[in-house]
Amino acid sequence: MVRFVAARLTSGIILVVVVSAISFWLIYLGSGDIARTIVGDGATDEQVVVKAQELGLDQPIAAQFLMWSSRAIIGDFGVSWFTNQGISTLITAKLPVTLSIAVGSSLVSAAVGIALGVAAALRRGWLDRALQIVAIVGFALPGFWFALVLVATLSVQAGLFPATGYVPLSASPSGWLSSLVLPVASLAIGVTAAIAQQVRSAVIDVLRQDYIRSLRSRGLSGSQIVFKHALRNASPSALTVLSLQFINLLGGAVIIERIFALPGLGQMTLDATVQGDVPVIMAIIVFTIVIVVVVNLILDVAYGWLNPKVRIA
Amino acid sequence: MTSALATTGIATAQRQDRRGTVARLLRNPLGVIAIVIIVLVTLASLLATWLTPHSPAVTDLANVLAPPSIEHLLGGDGVGRDVLARLLHGGQTSLAAGAITVIVAAAIGVPLGLAAGYYGGRFDAVARTVSDALVALPAIIVLLVVMAILGSQMALTMAVFGVMIAPGFFRLTRAATMRVRNELYVDAARVTGLSDMRIMTRHVMRVVRAPIIIQASMMFGVGISIQAGLAFLGLGDPNQASWGSMLDDAFANIYAAPDLVIAPGLAIGITVGAFAILGNALRDALEDDDAQSDTNPEDIDAVVGDHVRATASGEDIVLEVAGLEVSYPYPGGERMVVSDVTFSVARGEVLGLVGESGSGKSQSAFAVLGLLPREAEARWSGLRIAGESIPSGDARRRDLAGRRIAYVPQEPMSNLDPTFRVGDQISEPLRRHRRLGKRAAWNQAVELLARVGIPDPDGVARSYPHQISGGMAQRVLIAIAISCEPDVLIADEPTTALDVTVQAEILDLLRRLRVENGMAIVLVTHDFGVVADICDRVAVMRHGQLLEAGETSEVFDAPSHPYTRALLDAGLEGKAPFSRLSEKVTR
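Residues numbered from 1 in each chain as written. Chains lettered and ligands numbered in written order. Predicted model: local features only at pLDDT ≥ 70, side-chain atom pairs only at ≥ 80, totals over all residues.

A tally of regular secondary structure across chain B gives 20 helices and 11 strands. Contacts spanning at least 24 positions in sequence make up 70% of the contacts within chain B whose residues lie at least 6 apart. (Helix = DSSP H or I, 4+ residues; strand = E, 2+ residues; numbered from the N terminus. Contact = placed C-beta atoms within 7 Å.)

On to the overall build of chain A. Scanning chain A from terminus to terminus reveals 13 helices and zero strands. Each helix and strand of chain A, placed in order from N terminus to C terminus, yields the pattern α-α-α-α-α-α-α-α-α-α-α-α-α. Expressed along its principal axes, the backbone C-alpha trace of chain A runs to roughly 85 × 55 × 35 Å. Relative to its 313 residues, chain A shows a buried fraction of 42%. For chain A, the share of sequence-separated contacts (at least 6 apart) that also reach a separation of at least 24 residues comes to 73%. (Buried ≥ 20, exposed ≤ 12 C-beta atoms within 10 Å, placed from the backbone.)

Here we take up the pairing of strand β1 (residues 317–330) of chain B. Residue and element names in this part refer to chain B. Pairing analysis gives 10 bridges linking β1 to strand β2 (residues 333–346), with the strands arranged antiparallel. Residue V326 lies in a different strand from β2, and its bridge partner there is V338. Linking β1 back to β2 in an antiparallel pair, the connection comprises two residues, with G332 at a positive phi of about 80°. With four bridges connecting them, β1 and strand β5 (residues 382–385) associate as antiparallel partners. When the bridges of β5 are listed, V321 appears paired with L383. Note: β1 against strand β4 (residues 377–379), three bridges, orientation antiparallel. What sits directly across from V326, in β4, is A378. (Pairing = 2+ DSSP bridges.)

On to the interface of chain A and chain B, then. Note on interface size: it is often stated as the accessible area lost on association of the parts. Every contact between the two is made by 60 residues of chain A and, on the other side, 58 residues of chain B. For the side of chain A that touches chain B, the secondary structure elements donating two or more residues are α1 (2–30), α6 (125–140), α7 (143–157), α9 (210–217), α10 (222–259), α11 (265–275), α12 (278–306) and α13 (308–311) of chain A. Sorting elements by how many residues they give to the side of chain A that touches chain B places α10(A) first, with 12 residues. Classifying every residue of the side of chain A that touches chain B by side-chain character gives 36 nonpolar, 17 polar and seven charged. (Nonpolar A, V, L, I, M, F, W, Y, C, P; charged D, E, K, R; others polar.)

Moving on: the domain arrangement of chain A. Residues and elements named next belong to chain A. Examined at the domain level, chain A breaks down into domain 1 (2–72) and domain 2 (87–308). Here the C-alpha centroids of domain 1 and domain 2 sit 32 Å apart. In this complex, domain 1 contributes 17 residues to the contact, which on the side of domain 2 involves 13 residues. Every element with two or more residues in the side of domain 1 that touches domain 2 is listed here: α1, α2 (34–39) and α4 (61–72). Top element by residues in the side of domain 1 that touches domain 2 is α1. It accounts for 12 residues. When the residues that make up the side of domain 1 that touches domain 2 are grouped by side-chain class, the tally is 11 nonpolar, five polar and one charged. (Domains from an automatic or database assignment.)

This brings us to the sheet that holds strand β9 (residues 520–525) of chain B. Residue and element names in this part refer to chain B. Strand order in the open sheet made by the six strands is β7-β8-β9-β3-β10-β11, with mixed pairing throughout. A single partner strand is all that each edge strand has here, and the edge strands are β7 (405–408) and β11 (545–551). On average, adjacent strands in this sheet sit at an angle of 15° to one another, irrespective of strand direction. When strand β3 (residues 350–354) meets strand β10 (residues 537–542), the two strands line up parallel, connected through four bridges. Bridge pairing links L353 to A539 in β10. (Axes fitted to C-alpha atoms, helices over the stretch in contact; angles between N-to-C directions.)

Before going further, it helps to examine the confidence of the model for chain A. Mean pLDDT for chain A: 84, with 98% of residues reaching 70 or above. Here α2(A) stands out as the least confident element of chain A, with mean pLDDT 71; α9(A) is the most confident, with 92. (pLDDT = per-residue confidence, 0-100.)

All names here are of chain B. Considering every residue of chain B, the mean pLDDT works out to 82; 90% of them sit at 70 or more. Averaged pLDDT values for the elements of chain B fall to 54 in helix α1 (residues 2–27) and rise to 94 in helix α15 (residues 457–462). Every residue in residues 1–16 scores below 50 in pLDDT, and together they form 11 contacts with partners more than four places removed in sequence or on other chains. When the criterion is pLDDT under 50, residues 574–587 qualifies, and its contacts beyond four places in sequence or with other chains add up to 13 contacts.

Counting residues in hydrophobic clusters, the biggest one holds 256 residues, and the most contacted among them are A:L148, B:V488, B:V522 and B:A539. With 17 residues, the single largest contributor to this core is α10(A). Residues from two domains meet in this core; each of domain 1 (2–72) and domain 2 (87–308) of chain A gives at least three. Setting aside residues no more than four positions away along its own chain, B:V488 makes contact with B:V318, B:L319, B:V345, B:I385, B:A386, B:R404, B:I405, B:M519, B:A520 and B:V522. (Core = buried A, V, L, I, M, F, W, Y, C linked by C-beta atoms within 7 Å.)

To continue, consider the environment of B:V204. All names here are of chain B. Of note, V204 is situated in helix α9 (residues 196–232). V204 sits in the buried class, given 25 other C-beta atoms within 10 Å. Measuring from C-alpha to C-alpha, the distance between V204 and F220 comes to 24 Å, with 16 residues separating the pair along the chain. Every residue in contact with V204, bar those within four places of it in the chain, is listed here: L114, Y118, T177, V180 and I199.

Residue and element names in this part refer to chain B. The phi angle at D340 is positive, at roughly 50°, despite the residue not being glycine. Of note, D340 is situated in strand β2. With a phi close to 50°, H543 is a non-glycine residue in the positive phi region. By the element assignment, H543 lies in the loop between β10 and β11. Of the residues examined, H543 has 22 C-beta atoms within 10 Å and is grouped as buried.

With that settled, the discussion passes to the packing of helix α13 (residues 422–433) of chain B against helix α16 (residues 470–482) of chain B. Residue and element names in this part refer to chain B. Interhelical geometry of α13 versus α16 gives an angle of 20° and a closest axis separation of 8 Å. Considering the angle they form, α13 stands roughly parallel to α16. The hand of the α13/α16 crossing is right-handed. Two secondary-structure elements touch here, α13 through V422, Q425, I426 and P429 and α16 through V476, A479 and I480. Of the residues in the contact of α13 with α16, the class split is six nonpolar, one polar and no charged. (Parallel < 35°, antiparallel > 145°, perpendicular 65-115°, else oblique. Left-handed = near helix turned anticlockwise from the far one by under 90°.)

Residue and element names in this part refer to chain A. Along the chain, F161 turns up in the loop between α7 and α8 (173–207). Taking the C-beta count within 10 Å as the criterion, F161 has 17 such neighbours and is therefore assigned partly exposed. For the pair F161 and S172, spaced 11 residues apart in sequence, the C-alpha to C-alpha distance is 15 Å. Sequence-distant contacts of F161, defined by excluding residues within four places in its chain, comprise L154, S155, S178, V181 and L182.

Here we take up the environment of B:D499. Residues and elements named next belong to chain B. With respect to the helices, strands and loops of the structure, D499 is situated in the loop between β8 (488–492) and α17 (500–517). Among the residues examined, D499 registers 12 C-beta atoms within 10 Å and is labelled exposed. Sequence separation between D499 and R181 is 318 residues, and the spatial gap between their C-alpha atoms is 29 Å.

Our focus in this paragraph is helix α14 (residues 438–451) of chain B. Residue and element names in this part refer to chain B. When the terminal C-alpha atoms of α14 are compared, their 20 Å separation across 14 residues agrees well with the 20 Å that a helix rising 1.5 Å per residue should span. By the burial criterion, the buried members of α14 are A441, W442, A445, V446, L448 and L449. Mapping the buried residues of α14 onto a view down its axis gives an arc of 160°, with all of them on the same face. One or two steps after α14, the chain reaches G453, where phi turns positive at roughly 85°. (Expected span 1.5 Å × (residues − 1). Arc of directions from axis to C-beta.)

What follows concerns α17(B). In an α-helix there are 3.6 residues to a turn, and that puts residues three or four apart on one side. Residue and element names in this part refer to chain B. If you check α17, its first and last C-alpha atoms are 26 Å apart, about what 18 residues at 1.5 Å a residue would give, namely 26 Å. All of the buried residues along α17 are Q503, I506, L510 and L513. An end-on view of α17 places all buried positions within 90° of arc, on one side of the element. Exposed residues on α17 whose side chains face more than 90 degrees from its buried face are V500, T501, V515 and E516. Downstream of α17 by a residue or two, G518 has a phi angle that is positive, lying close to 60°.

On to the packing of helix α6 (residues 139–150) of chain B against helix α7 (residues 154–181) of chain B. Residues and elements named next belong to chain B. At a minimum axis separation of 10 Å, α6 and α7 run at an interaxial angle of 140°. One element, α6, and the other, α7, form an angle in the oblique class. Relative to α7, α6 is oriented so that their crossing is right-handed. On α7, the residues touching A139, V142, L143, V146, M147 and L150 of α6 are L156, T157, V160, F161 and M164.

So, in structure tokens, the structure goes:
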């Protein structure tokens, strides 16, 4: 198990390094005369050169990357070129918002998706058919469309939930929860459908296995067979979808944050990419990948725990 | 020569299969609806210019947020553009986005997957690492960065997205290729000197094609969704109408005209949904293929004549089965797989239920145990287990299962739950039926393992099923079966999956346990050697009915039915395989 985790961790670190190097190189290659953009069109050539020197843009790209990464390693991502704010503080302020949405949606969809999937696998019949339809609808309609519909109905017309804004958990737990309901719900619909679908087919598959018949022959109760044995054997495939879906959720959060005017990484990413704020973009890339690596590591450990063949080679 | 023939044979078979798949797809109403929708959406967007007199870009102040009218069937948007025109023209953008995504992803993923799966080795390792890395990147965020660098051309952005989801094709193709690679006919093709390239295109692609098409159908939809998301963020080409930018406009006017979200939302939903349904329908059509090749339980012929009964003469009868029938629903009726089977077993006695595959012997055993699949129907005129009578057709064995009647399966490995320790699996019935505590049950489990002759019971109890051998696993299953000291043990081909030496050991174990526990054993087998070795009485089954029954020695010395004689002759020739018996492995 330790070796398994170590291997995953190493590949995660390599991923962070490689992706940030490639992004760094691409961004520099693609973003033209950054110094001029920052100082503005009215500035003299001299001012542009000074700005470029100040930002280290006159150095070769490898040297710039080394400089950047040596600081990034200790968590110093520099300041935004456009707002001059410290990026690390900026991100730590915004990260909780995005993580609340992404993690909240993951948990909600895992709970609902597993319950629906198991029920559909056991009952079949109408519930199963309904789930098939929900799965297709959830796949076919993007989360942000659900968000628009929820805003138009539940907040604009019914006034049940705030249409926009974020309340920090520390300010008011109930306010926090109610500001998250709609964003989480709109993202969770698609993910729930995907998980339910996967769990359904995994449970059906497991229930066909020989060992389930043997368990039945031993007079164990139906719920023990389903919840202890079938679910445990079906859960690795649920985890696999969940880890893929979590990555999609991080992306989906960008769009959802715009609709609900949530001050998360999404709006920041949007602004930074539109402006070409390289240090901010780089920091966002690193942070997202680290989050993905950490979440996948947690899911991998859970996977190994559920699946002794992985744990004990 | 032979191999060439063999490969052509398979190729023809597959071609026929494929025609069958398309036909099945067209017979599935959902599949047809999906295809019709996709064709209609494509036509509507391609013919947009002719279908509506309005331009998707022209603004008309009089038409700002206008409700639907004869002139503007779907009304106007936030800046007075015709919604219908934008919807139709937007379809072009969406379909192009989906197409670019799929084409780029397939063009990269499929060849690399083929190569990685076929050659393996270092190339495979590198390709897999890159693929895993791509999967770990959140698409939207990467695309935002890409658009910041490369500008907002839709085609380029979607091409990058295609690269990002190429792992979807890569993984699928790689896995399928690896499976096919080890098939005999690919080996044969290799031996006959076909080049790698030809093997891949001719043999591997043929198998991989179907899952790729299904995946493509799904990814087309994903491409449409992502493009819509980006356009919604205002990052699309502003001069290009698209469903995403329509939603952006709807969002801007969500207080004034919330209805604007409906048309583009439905357009996305219906189109992406149609692709998803098409993918599902394709998958179902292919799965039907597999299902049809599955052997159905053989139907039985007309009644053979005399009613043979394998009833015990002993005093203490623990299992009585009378007039057992098992049938399966079948298009246009029922299929009877067991008919009028009557037998009984006394305490301490071993009854052999013998027959070839499809004779109904396993079905009879499962019916007694209440373990038939859901769709099967079992009826009987009498079923008594350990003195308790069970109403006809009732699959529940309530207090009996695991306590009075137990089951030893054929395939030891697949009958243990891979995720629980052996000791836990033995403990489970003990804890339930004997109400033992966790510790006590575990200790009892270790004792049972020692009783069934496992040398290191402590170690085996702590092991997971994949860590022990097949013979050991069968001992574990026997230990579980006897854990609550049942009166009847039904063993379904308990030695068939094992090596010859292990077979003998398992039979010895059963013999010993029968004496020690005074159990009755029903041994389902196709092997007369096993019958001769352990059974007191034997009942021969064919076509779901009992043909002959009696003391083992009598039946062996003077078989009354010609079929039994034939079976005996075939079986006792020793090494010569049972002509029909060995063709299929009995489940």
